[in-house]
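Structure assessment
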Amino acid sequence: MALDSLTDTEIAMLDLEEQWYTTAGRKEDAIDEQLGLKPVRYYQLLNRLVERQAALAYTPITVNRLRRLRTGASSTHG
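Residues numbered from 1 in each chain as written. Predicted model: local features only at pLDDT ≥ 70, side-chain atom pairs only at ≥ 80, totals over all residues. Heavy atoms only, no water.

Topic: helix α3 (residues 39–49)
Taken together, the buried positions of α3 are occupied by Tyr42, Leu46 and Leu49. For α3, the buried positions fall inside an angular range of 60° around the axis, keeping them on one side. When the buried face of α3 is taken as reference, the exposed residues oriented beyond 90 degrees from it are Val40 and Arg48. (Buried < 20%, exposed > 50% of the residue type's maximum accessible area, 1.4 Å probe, protein only. Helix = DSSP H or I, 4+ residues; strand = E, 2+ residues; numbered from the N terminus. Arc of directions from axis to C-beta.)

Description of the pattern of salt bridges
Applying the stated criterion to the full structure yields four salt bridges. Two residues, Arg70 and Glu51, come together in a salt bridge whose shortest N-O distance is 2.0 Å. Here the residue Arg70 occupies a position in helix α5 (residues 60–76), and Glu51 occupies one in the loop between α3 and α4 (53–58), the gap between them amounting to 19 residues. In this structure Arg70 comes out as partly exposed when scored by relative accessible area, which is 28%. (Salt bridge = Lys/Arg side-chain N within 4 Å of Asp/Glu carboxyl O.)

Laid out in structure tokens, this is it:
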């Protein structure tokens, strides 16, 4: 998939994940303020987004980190 298959919102989500820790305040506040999404919806969309090849091509370090975090979280609940 080409990078142009990512929407502006998806790019903004990946950018937020890449740099959220450098911003003052809570991540949930940044999600709401920057993207206009409720955190639950954001994480639902993000979970799908990190599976896409276009997301991996856009920011491989961030996507791989998110995939590892997700895999680690699911393996601790099993």
